[in-house]
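Descriptive analysis of the structure
Next come the chains, spelled out residue by residue.
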Amino acid sequence: MASVTMTVNGKSVSGDVEGRTLMSDFLRNDLRLTGTHIGCDTSQCGACVIHVNGEAVKACTMFAVEADGADVATIEGQANADGSLNVIQQAFQDHHGLQCGFCTPGMVMSAAALLKENPTPTEREVREYLEGNICRCTGYHNIVKAIMAASGQDVSAIAAE
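Small disclaimer: the values here were computed from a predicted structure and weren't measured.

Basis of the calculations
- Residues numbered from 1 in each chain as written.
- Predicted model: local features only at pLDDT ≥ 70, side-chain atom pairs only at ≥ 80, totals over all residues.
- Heavy atoms only, no water.
- Domains from an automatic or database assignment.
- Buried area = accessible area lost by both parts, 1.4 Å probe.
- Salt bridge = Lys/Arg side-chain N within 4 Å of Asp/Glu carboxyl O.
- Polar contact = N/O pair within 3.5 Å; in protein donor to acceptor, adjacent residues only side chain to side chain.
- Helix = DSSP H or I, 4+ residues; strand = E, 2+ residues; numbered from the N terminus.
- Nonpolar A, V, L, I, M, F, W, Y, C, P; charged D, E, K, R; others polar.
- Contact = heavy atoms within 4.5 Å.
- Axes fitted to C-alpha atoms, helices over the stretch in contact; angles between N-to-C directions.
- Parallel < 35°, antiparallel > 145°, perpendicular 65-115°, else oblique.
- Left-handed = near helix turned anticlockwise from the far one by under 90°.
- 1 Å grid on protein atoms, 1.4 Å probe; cavity = no way out; pocket = protein on both sides within 12 Å on 5 of 7 lines; lining within 4 Å.
- Points joined across faces, edges and corners; volume = space filled by probe spheres on them.

This paragraph deals with the domain arrangement of the chain. For the chain, the domain assignment lists domain 1 (2–77) and domain 2 (87–150). A separation of 21 Å is found between the C-alpha centroids of domain 1 and domain 2. Contact with domain 2 buries area across many residues of domain 1, yet His 37, His 51 and Ile 75 alone supply 38% of it, more than any other trio. Summed over the shared surface of domain 1 and domain 2, the result is zero salt bridges. Inspection of the region where domain 1 meets domain 2 yields seven residue pairs in polar contact (both at pLDDT 80 or more). Looking at the side of domain 1 that touches domain 2, the elements that each hand over two or more residues are β3 (49–52) and β4 (55–58). By residue number, the principal contributor to the side of domain 1 that touches domain 2 is β3, which donates three residues. A breakdown of the residues in the side of domain 1 that touches domain 2 according to their chemical character gives eight nonpolar, eight polar and one charged.

Written as structure tokens, this is what we have:
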């Protein structure tokens, strides 16, 4: 067992983990932060995207011991301080960027990383950035529209599909 300490959503947390414990399992099982979804365990679906030291990471491909000392952000920490939805979450709601919701935490976390890197992405840039995220419900159109709206771009000319 190894002892790990990290900051998760602004709070210091510690735990004892086996060396093989995935970050997704540590978040879900030890910290009870179940918004980080596990869809594939092979880094294919993107449902487990979190931020580690400001970078988007698929939690199913990282060991918890690798996050020792890191600053970690999960979907649970994305809301505004008053508990209201942040701009990306609100855009997903406003533009119907989700259906079943399983992929949504990973999509929101990926969108946040994209908008940090590129504050006003084109539709093509959004689609390319999301290549590592799978959604089986929406067909991506409204997800892309939501991300572009969250960036402050006018999406009124983009037809709903």
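What follows is about the environment of Gln 78. For Gln 78, the position within the fold is in the loop between β5 (71–73) and α2 (87–94). In this structure, the C-alpha to C-alpha distance between Gln 78 and Asn 9, residues 69 residues apart in sequence, is 8.2 Å. Residues in contact with Gln 78, not counting those within four places in the same chain, are Ala 73, Asn 86, Gln 89, Met 109 and Ala 112. A polar contact is formed between the side chain of Gln 78 and the backbone oxygen of Thr 74, at a distance of 3.3 Å.

Let us look at the packing of helix α3 (residues 104–117) against helix α5 (residues 141–150). Packing of α3 against α5 brings their axes to within 11 Å, and their N-to-C directions diverge by 40°. Classified by the angle between their axes, α3 and α5 sit oblique to one another. The handedness of the crossing between α3 and α5 comes out as right-handed. Contacts from Met 107, Ala 111, Leu 114 and Leu 115 in α3 reach Ile 143, Ile 147 and Ala 150 in α5. A breakdown of the residues in the contact of α3 with α5 according to their chemical character gives seven nonpolar, no polar and no charged.

We now examine unusual backbone geometry. Even without being glycine, Arg 32 reaches a positive phi, approximately 60°. With respect to the element layout, Arg 32 can be found in the loop between α1 (23–30) and β3. Although it is not a glycine, Asp 41 adopts a positive phi angle of roughly 60°. Following the sequence through the fold, Asp 41 ends up in the loop between α1 and β3.

A few words now on the layout of surface pockets. In this structure, the largest pocket spans a volume of roughly 150 Å³. Gly 39, Cys 40, Gln 44, Cys 45, Ala 47, Cys 100, Phe 102, Cys 103, Ile 134, Cys 135, Arg 136 and Cys 137 together form the lining of the largest pocket. Of the residues contributing to the lining of the largest pocket, the split by class is nine nonpolar, two polar and one charged. Both domain 1 (2–77) and domain 2 (87–150) contribute no fewer than three residues apiece to the lining of the largest pocket.

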